[in-house]
Amino acid sequence: MSSSRSLNLKKISWLSSRIVSGCRRPVAIGGDRDIVSNTLVGTRGFASVKRVSRASSSPHADLLSYVRASLDKLEGPSHHWLNRDFETKQLFKDKGTYLVLVGDLLNGDPSGFFEKLKLLQQRSPGVCFMGIHFSDQARITDDRAAVAELIVKEYLTFPVLLSQKDFPKSSGEEVRYFVFRDFKNPLIYQDKDLDIASVAKALDSLSQDTEKSKSVKLFTNTWSKQADAIKEPHFSSFLQDLFFYFPGCISADEVGDCLFLSDSNHHRIIISNSNGEILDSIGCFPGFEDGEFESAKMLRPAATLYDEEEDCLYIVDSENHAIRRANIKTRVLETVYPKVIKKSVGLWSWVMEKMGFEKDEETTVDADAKSEESDAPSLMFPWHILKRDDDSLVVINKSFSKLWIINLASGEIEEVVEGFQGIMEVYRELITEKLSVLKHLPSTWLQQQTKAITSCKEQPSAALLSSFSEFGDHIVMTDTAGQRVLKLNRESGACSSIQFSNIGILGFPYWLSTPLERVFNLASGVQEAHISHIHQLRLLPGKISIRLSIEIPQCTELVEPLQESCIWRQARGSITEVSNAGSAVEPSEKVGVSQQWYDELDNLAKEIVNPELAEEKEEEQEEDVSQVESEDDGRIHIDCSVNTSPGTSELIVYAALYLRLAKNEETEGASQEKLARRIADVLKPARNMTTMDEELFVKVLLKSKREVRDIVFLKPVHVRIRFDTMDHPKADNSRDIILTDSSAQVDVSL
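Residues numbered from 1 in each chain as written. Predicted model: local features only at pLDDT ≥ 70, side-chain atom pairs only at ≥ 80, totals over all residues. Heavy atoms only, no water.

Going by the annotation in an unreviewed UniProt entry, the name recorded for the protein is NHL repeat-containing protein 2, with Brassica rapa subsp. trilocularis given as the source organism.

A. Spatial organisation of the overall build of the protein. Looking only at helices and strands, the protein features 16 helices and 36 strands. When the accessible surface of the protein is totalled, it reaches about 33,300 Å², and 47% of it is carbon and sulfur. (Helix = DSSP H or I, 4+ residues; strand = E, 2+ residues; numbered from the N terminus. Areas by Shrake-Rupley, 256 points an atom, 1.4 Å probe, with all protein chains shown as cover.)

B. Quick look at unusual backbone geometry. In this model, Tyr337 is joined to Pro338 through a cis peptide bond whose omega is -5°. One can find Pro338 in the loop between strand E18 (332–337) and strand E19 (340–342). Positive phi is not limited to glycine here, since His267 has a value of about 60°. Checked against the element boundaries, His267 lands in the loop between strand E9 (258–263) and strand E10 (268–272). You can call His267 buried: its relative accessible area is 0%. Positive phi outside glycine occurs at Asp311, with the angle close to 50°. The topology assignment puts Asp311 in the loop between strand E15 (301–307) and strand E16 (312–317). (Buried < 20%, exposed > 50% of the residue type's maximum accessible area, 1.4 Å probe, protein only.)

C. Main features of the side chain of Ser163. By the element assignment, Ser163 lies in strand E5 (residues 160–163). There is a polar contact of 3.1 Å between the side chain of Ser163 and the side chain of Tyr66. Sequence-distant contacts of Ser163, defined by excluding residues within four places in its chain, comprise Tyr66, Ser78, Ile132, His133, Phe134 and Ser135. (Polar contact = N/O pair within 3.5 Å; in protein donor to acceptor, adjacent residues only side chain to side chain. Contact = heavy atoms within 4.5 Å.)

D. Summary view of the environment of Asp290. Examined against the element boundaries, Asp290 turns out to sit in the loop between strand E12 (285–286) and strand E13 (291–292). For Asp290 and Val332, which are 42 residues apart along the polypeptide, the C-alpha to C-alpha distance reads 7.6 Å. At a separation of 2.8 Å, a polar atom in the side chain of Asp290 contacts the side chain of Arg324. Among the polar contacts made by the side chain of Asp290, one reaches the side chain of Thr335 at a distance of 2.9 Å.

E. Representation of the sheet that holds strand E26 (residues 474–479) within the structure. Spatially, E25-E26-E27-E28 is the arrangement adopted by the four strands of the open sheet, whose pairing is antiparallel. The open sheet terminates on both sides in strands that have one partner only, identified here as strand E25 (468–471) and strand E28 (495–497). In this sheet, adjacent strand axes meet at a mean angle of 25° when their direction is disregarded. Here four bridges tie E25 to E26, and the two strands are oriented antiparallel to one another. By the bridge assignment for E26, Phe468 is matched with Met477. (Pairing = 2+ DSSP bridges. Axes fitted to C-alpha atoms, helices over the stretch in contact; angles between N-to-C directions.)

F. Spatial organisation of the packing of helix H15 (residues 672–683) against helix H16 (residues 694–702). Contact geometry of H15 with H16 gives a least axis separation of 9 Å together with a crossing angle of 130°. Overall, the two elements H15 and H16 adopt an arrangement that is oblique. At the point where H15 passes H16, the crossing takes the right-handed sense. Across the interface between the two elements, Gln672, Glu673, Ala676, Arg677, Ile679, Ala680 and Leu683 of H15 pack against Glu694, Glu695, Phe697, Val698, Leu701 and Leu702 of H16. Taken together, the residues that form the contact of H15 with H16 break down as eight nonpolar, one polar and four charged. (Parallel < 35°, antiparallel > 145°, perpendicular 65-115°, else oblique. Left-handed = near helix turned anticlockwise from the far one by under 90°. Nonpolar A, V, L, I, M, F, W, Y, C, P; charged D, E, K, R; others polar.)

G. Broad picture of H16. Leu696, Phe697, Val698, Val700 and Leu701 are the residues of H16 that are buried. Residues of H16 that are buried make contact with strand E2 (79–82), helix H4 (140–154) and H15.

H. Inspection of the pairing of E18 at higher detail. When E13 meets E18, the two strands line up antiparallel, connected through two bridges. Counted as the bridge partner of Glu292 is Val332 from E18. By the bridge criterion, five bridges tie strand E17 (residues 322–327) to E18 in an arrangement that is antiparallel. Across the sheet, Asn327 pairs through a bridge with Val332, a residue of E18. What sits between E17 and E18 in their antiparallel hairpin is a turn of four residues, with Arg331 showing a positive phi close to 60°.

I. Looking closely at the pattern of salt bridges. Counting across every chain of the model gives 35 salt bridges. With a closest N to O distance of 2.8 Å, Glu294 and Arg331 form a salt bridge. On the criterion of sequence distance, the pair formed by Glu294 in the loop between E13 and strand E14 (297–298) and Arg331 in the loop between E17 and E18 is long-range, its members being 37 residues apart. A salt bridge links Glu650 to Arg572; its shortest N-O distance comes to 2.4 Å. One end of the pair, Glu650, is in strand E34 (residues 635–661); the other, Arg572, is in strand E32 (residues 567–579), and 78 residues separate them in sequence. On the basis of relative accessible area, Glu650 is assigned to the buried category, the value being 7%. (Salt bridge = Lys/Arg side-chain N within 4 Å of Asp/Glu carboxyl O.)

J. Structural view of the sheet that holds E13. Strands sit in the order E13-E18-E17-E16-E15 across an open sheet of five strands; the sheet is antiparallel. The open sheet terminates on both sides in strands that have one partner only, identified here as E13 and E15.

K. A look at the pairing of strand E4 (residues 128–134). Summarising burial for E4: seven of the seven residues are buried, a large majority. Neither face of E4 is left uncovered, since the one carrying Cys128, Met130, Ile132 and Phe134 and the one carrying Phe129, Gly131 and His133 both have all their residues buried. Alignment of strand E3 (residues 97–103) against E4, held across six bridges, turns out to be parallel. Within E4, the position partnered with Val102 by the bridge is Ile132. Crossover connection from E4 via H4 to parallel E5: handedness right-handed. (Right-handed = clockwise from strand over helix to strand, strands pointing away.)

L. Quick look at H4. A rise of 1.5 Å per residue sets the reference length of H4, with its 15 residues, at 21 Å; its end C-alpha atoms lie 20 Å apart and thus fit the reference within 8%. Among the 15 residues in H4, 11 count as buried, and that is most of the element. Taken together, the buried positions of H4 are occupied by Ile140, Asp143, Arg144, Ala145, Val147, Ala148, Leu150, Ile151, Val152, Lys153 and Glu154. Count one or two residues on from H4 and you reach Tyr155, which has phi positive near 55°. (Expected span 1.5 Å × (residues − 1).)

M. Spotlight on the packing of aromatic side chains. Considering all chains together, one arrives at 16 aromatic pairs under this definition. An angle of 25° between the planes, with centres 4.8 Å apart, marks the rings of Phe238 and Phe697 as stacked. Of this pair, Phe238 sits in the loop between helix H7 (226–229) and strand E8 (247–253) while Phe697 sits in helix H16, and the two are 459 residues apart along the sequence. Given a relative accessible area of 0%, Phe697 falls into the buried group. (Phe/Tyr/Trp six-rings, centres within 6.5 Å; stacked < 30°, edge-to-face > 60°.)

N. The arrangement of the environment of Phe293 in detail. Mapped onto the fold, Phe293 is located in the loop between E13 and E14. Of the residues examined, Phe293 reaches a relative accessible area of 1% and is grouped as buried. Expressed as a C-alpha distance, the spacing of Phe293 and Ala326, which sit 33 residues apart in the sequence, is 8.3 Å. Not counting residues up to four positions away in its chain, the partners in contact with Phe293 are Asp280, Ser281, Ile282, Gly283, Cys284, Ala326, Asn327, Ile328, Arg331, Val332 and Leu333.

O. Representation of the packing of helix H3 (residues 110–123) against helix H5 (residues 196–206) within the structure. Orientation of H3 relative to H5, taken along the N-to-C sense of each, is 35°, at an axis distance of 11 Å. When you trace H3 past H5, the crossing you get is right-handed. Along the contact surface, H3 presents Lys116, Leu119, Leu120 and Arg123, while H5 presents Ile196, Val199, Ala200, Leu203 and Asp204. Residue classes in the contact of H3 with H5 are distributed as six nonpolar, no polar and three charged.

Below is the structure:
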């Protein structure tokens, strides 16, 4: 824990404001907090020529009225919302500042204008952001699926409105930015030659509290705003429960037989061998924090680069605008860029920080990085990474419009190259050497993947720069459309999907749990996960052995036996102890505490004399503890035991079951669409909180053009067992109490 450095989200906000305001170098966070300049200037990468008009014409007023009328309805005669959690009422309100991206969002350069919008969204979390895509009756169904894929690909956290209504002066291929307050008098900016600084200034002037919109002062601690700032696309009820959620990039260590897969929208790096056996993972939760692999946080990791000499992995932390470095031997993640120094690293400081009471002066930027100059370049949504011979990193954004050279020794940006032509003029040899491997790949796969991920109009194949890696006689490549990893033999041309195993090492998924710090800081409360089963028990106090007997959904099968690491238990109330059933060996006869103490001393003496025997005994006990039983009838058994006292209590059991459709006679003759609907039916919670409905999910799934029965998905189990424990029974002498042992079986059907 002492090695963990929390990178406060003030620094994400600081980074965003640096890009907008064009500050030369980082300044101290805490003492000097006026990071965003009062006078915003044009930034590198965006032309300083602004094209803005004050709209008062009827068509634009009609558009605002149309948007306002659609806020309370997910779907209407001429509109449909996507990527919206319809229970979050505070997201839309009649009074407030809005920035709306309007136009044909499926054409042009989506990554370009979405990067600008997301940057403004990070900087101004108090502003309501949304997109409007114009469609028509003939193509609305296809456009819904295409926009859903776009949301996943670009990691959009704001809602998108699909409109079939025609607004002549607002619709069309050209994308515009509408900035307005209270749905009146919009300022309209053209995407071409957009001056992003002037948009930021307009948002500041329209916001009710200008200082609040300047983001830096809004982030007073790590987690009080992290719950609001770290948002995810609202498709979690379906796509997030797939085994992979946009596997964007991959790299390899041929000598160590390791693959490094970026499961980007799950915010983790999965380390496996060439056969798909998972060895380790990096990342536990979306955020920005250094530390051991189990506690480190990233936000949509992209390309990776393995350094054999240092035995470390460089990771592009895309949404955090950062470069991270993972030490494979020590299993610690640290930040290479930007350089941040954490002053206090004690246990109490860590607890205070998690609970939102960290002092501003405890986190500063490296003093060597301070400067009065104000035009230093900064990373903005980086995606690709390469290494030069001079021990520096080449970092490129997804649309290939900007390239940065980062010096590993200093941790600073040495050079910036803008524009695709400028990048290719300087680094054509380095890039084309990597892309030359693409000639071995199937043309059909290249076409599908280029369409799924490309953001580079000049050379679409350049977008695949980090999507494949050479590995001996094979080429491994990510399939973002099919949510899988493929392996191609260069000699035979045979292509197959890698079947991953040892999934339990990934642990319990973050989106199924609620960390304490998130509960503490969410004023509106935490959305309750769907409960699979509730059971009531009325028993005598004492030890209670409980067995959960879980029946998995029909026509499905476990990918591999459930491991203990995918189970999480919590006790509340009068329960005094929770343990795995069978984790402790029960003595054959009742003995006193003193005798148990002497027995432990005897066992310790035996271990000192014969340590090898002790190690073997520990291994046997570990195997017994982690084993989760399953029977031939397909049921899964989870055992646990609790010690209860008189009163009420509750045992909560979470489990993550990785399933796929069973390959039997029933599924053999079924169509792909029917199988996809079966997966949607299994994944669909009792209350679907998002706008990703079953029809849309099936359409997205079928567009992957893969065998549906091979898709691995996660089915969460959430069981609550409530105890009403009676008083202790009395012995015959009325003074002593009688301890009882009870057992219960709870049947759960998913």
